[in-house]
Amino acid sequence: MPFDPCDREVFWQAFQEQREFTLQLVAPLSEAVLCAQPHPLYSPVGWHLGHIGYTEAFWLLPERSAICERDRYWYAADGRPKVERQYLPPYNELLNYLAEIRQRTGDRLYTLTAEQWQRELRLWWWILQHEAQHTETMQMVLAMQGIFTTLPPSPSCPQKPQQIPAGSYVVGGEDPLALDNEQPIQSIELLPFTIDAAPVTWREFLAFVEAGGYQRREWWSSRGWEWRKAEEITSPFYPIPENLDLPMWGLSFYEAEAYGHFRGKRLPSEREWEIAAQQGLLNKGYVWEWTQSPFAPYPGFQSYPYRGYSAPYFDGEHFVLKGGSHWTRPLLKRPSFRNWYSRTTREVFAGARYVDQEDLMAQ
């Protein structure tokens, strides 16, 4: 049966499946792990649980003012500094909080008229995707503590580079799941290019390390080299796994860029990546993949559901990642989905694939 995002029952099933995943993720964790903050830029896993519930109540419940005034300090993104978020209510209180809000949102969902549901369904799907994104961040926080819930498989065939012909293509999304930065859809003209079928593996990246990649200036951009020196970066962020044929993760943009120069290749533009993915030519979903493209609005962009969701990051400092990782929920693994991080971020489950250097880039 085709997936119909306008069907209320389809939404509710997806909503509940995501919550089941969230609860299974945290079920085996101790209070100490839930409250741990292994990196100053990332909140503890337990805070993310509270934030998921708070955001659901804020946007979906008419009585949100009473609930959210009570809990804003604890769980709002601007409620308190990250360094203080390790101080949390007991685990059972967090679970009860999630359950209480889900009971109320579920009750409200089925009191909406058909007209109200059609008017609000984009918001409900946004909330579902918000939770899905936070569960990946929670897994990043666990990975920074040496806890991997699971590891990706080695990329499967085909491994040979894929050739994409020149032509007119359409990028972006317009269904109820499409986030504001994916809209509106647009037609583009694409030059021909050849793209790797799979992202770079640990084995391949370690060849760069062993060749002095972190010490040799010629493979780095000027900004990337200054960052590497200032931060004293000399090796990948995450520990090397036993299986070196797994896709590489934990790369910053600058490291991915330098490795491309080492290989005589370049990162794809996000449009090149999206078109190749649309045609089913990429082994994807192993790691997020850096592109050469700054995160920027499409012509006709309109913020949703609030200006602070995407627009503040259209600053030239955040770049687009595509594809989704092994730890990303399937709902988000669509060709049009745009993730974004600053070029110095290393903690994300991010790697890269490459395009032949001589191919002219489609912006």
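Quick note: structure is the one above.
Let me sum up the structure you'll find in this document.

Reading guide: rules and limits
- Residues numbered from 1 in each chain as written.
- Predicted model: local features only at pLDDT ≥ 70, side-chain atom pairs only at ≥ 80, totals over all residues.
- Heavy atoms only, no water.
- Helix = DSSP H or I, 4+ residues; strand = E, 2+ residues; numbered from the N terminus.
- Buried < 20%, exposed > 50% of the residue type's maximum accessible area, 1.4 Å probe, protein only.
- Contact = heavy atoms within 4.5 Å.
- Salt bridge = Lys/Arg side-chain N within 4 Å of Asp/Glu carboxyl O.
- Expected span 1.5 Å × (residues − 1).
- Arc of directions from axis to C-beta.
- Polar contact = N/O pair within 3.5 Å; in protein donor to acceptor, adjacent residues only side chain to side chain.
- Axes fitted to C-alpha atoms, helices over the stretch in contact; angles between N-to-C directions.
- Parallel < 35°, antiparallel > 145°, perpendicular 65-115°, else oblique.
- Left-handed = near helix turned anticlockwise from the far one by under 90°.
- Nonpolar A, V, L, I, M, F, W, Y, C, P; charged D, E, K, R; others polar.
- Pairing = 2+ DSSP bridges.

## Thoughts on the environment of Arg228
Phase 1: If you trace the backbone, Arg228 turns up in helix H8 (residues 222-231).
Phase 2: You can call Arg228 buried: its relative accessible area is 10%.
Phase 3: Spatially, the C-alpha atoms of Arg228 and Arg108 are 51 Å apart, while their sequence positions differ by 120 residues.
Phase 4: With residues near it in sequence (within four places) discarded, Arg228 still touches Tyr214, Trp220, Ile233 and Thr234.

## Quick notes on the pattern of salt bridges
Phase 1: This model, assessed by the stated rule, comprises 22 salt bridges.
Phase 2: For Glu115, the salt bridge identified is with Arg119, shortest N-O distance 3.8 Å. Remark: Arg119 and Glu115 occur in helix H6 (residues 114-143); sequence separation between them is 4 residues, near one turn of the helix. Pair check on accessibility: Glu115 and Arg119 agree, each one exposed.
Phase 3: Where Arg266 meets Glu272, a salt bridge forms, and the shortest distance between an N and an O atom there is 3.0 Å. Each member of the pair Arg266 and Glu272 is classed as buried.
Phase 4: Each of Arg19, Glu56, Arg102 and Glu131 takes part in one network of salt bridges that share partners.

## Details of helix H1 (residues 8-26)
Phase 1: With 19 residues, H1 extends 28 Å between its outermost C-alpha atoms, agreeing within 8% with the 27 Å of an ideal straight helix rising 1.5 Å per residue.
Phase 2: If you check which residues of H1 are buried, you get Arg8, Phe11, Ala14, Phe15, Gln18, Arg19, Thr22, Leu25 and Val26. The arc that holds the buried residues of H1, viewed along the axis, is 135 degrees, so those residues lie on one side.
Phase 3: At its buried positions, H1 is contacted by helix H2 (31-35), helix H3 (45-60), helix H5 (91-109) and H6.
Phase 4: For H1, the capping residue at the N-terminal end is Asp7, with a side-chain oxygen 2.8 Å from the backbone nitrogen of Glu9.

## Some points on unusual backbone geometry
Phase 1: Across the junction of Gln183 and Pro184, the peptide omega takes the value -10 degrees, indicating a cis bond.
Phase 2: Tracing the chain through its elements places Pro184 in the loop between strand S2 (167-171) and strand S3 (186-190).
Phase 3: Here Tyr304 and Pro305 are connected by a cis peptide whose omega angle stands at -5 degrees.
Phase 4: Tracing the backbone shows Pro305 in the loop between strand S6 (288-294) and strand S7 (318-322).
Phase 5: Here Glu232, not a glycine, exhibits a phi torsion of approximately 55 degrees, which is positive.
Phase 6: Position of Glu232 among the secondary structure elements: in the loop between H8 and helix H9 (253-263).
Phase 7: On the basis of relative accessible area, Glu232 is assigned to the exposed category, the value being 65%.

## What about the packing of H1 against H6?
Phase 1: Where H1 meets H6, the closest approach of the two axes is 10 Å, and the angle between their N-to-C directions is 20 degrees. Judged by the inter-axis angle, H1 sits roughly parallel to H6. By crossing handedness, the relation of H1 to H6 is classed as left-handed. Seen from H1, the contacting residues are Arg8, Val10, Phe11, Ala14, Phe15, Gln18, Arg19, Phe21, Thr22, Leu25 and Val26; seen from H6, they are Ala114, Trp117, Trp124, Trp125, Ile127, Leu128, Glu131, Ala132, Thr135, Met138, Gln139 and Leu142.
Phase 2: Class assignment of the residues belonging to the contact of H1 with H6 gives a composition of 16 nonpolar, 4 polar and 3 charged.

## Here we look at the sheet that holds S6
What links the strands of a sheet is backbone hydrogen bonding, and the strands pair in either a parallel or an antiparallel sense.
Phase 1: If you trace the 4 strands from one edge of the open sheet to the other, you get S8-S7-S6-S9, paired in mixed fashion. For this open sheet the edge positions go to strand S8 (339-342) and strand S9 (350-351), each flanked by a neighbour on one side alone.
Phase 2: Here S6 runs beside S9; their pairing, made up of 2 bridges, is parallel. Bridge pairing in S9 places Glu289 opposite Gly351.

## Looking at the pairing of S6
Phase 1: A large share of S6 lies buried, amounting to 5 of its 7 residues.
Phase 2: Examined bridge by bridge, S6 and S7 share 3 bridges and lie antiparallel to one another. Its bridge partner lying in S7, Glu289 is registered against Lys322.

## With respect to H9
Phase 1: Most of H9 is tucked away, with 8 of its 11 residues classed as buried.
Phase 2: Phe253, Tyr254, Glu255, Ala256, Glu257, Ala258, Tyr259 and Gly260 are the residues of H9 that are buried.
Phase 3: Those residues of H9 that are buried are in contact with helix H7 (202-210), H8, strand S5 (265-266), S6 and S7.
Phase 4: Just beyond H9, the residue with positive phi is Gly264, at close to 75 degrees.

## A short note on the environment of Thr328
Phase 1: With respect to the helices, strands and loops of the structure, Thr328 is situated in the loop between S7 and S8.
Phase 2: When sequence neighbours within four positions are dropped, the list of residues in contact with Thr328 reads Glu136, Trp288 and Lys333.
Phase 3: Engagement of the side chain of Thr328 in a polar contact is seen with the side chain of Trp288, the distance being 3.3 Å.
Phase 4: Here Ser325 takes part through its backbone nitrogen, which lies 2.7 Å from a polar atom of the side chain of Thr328.

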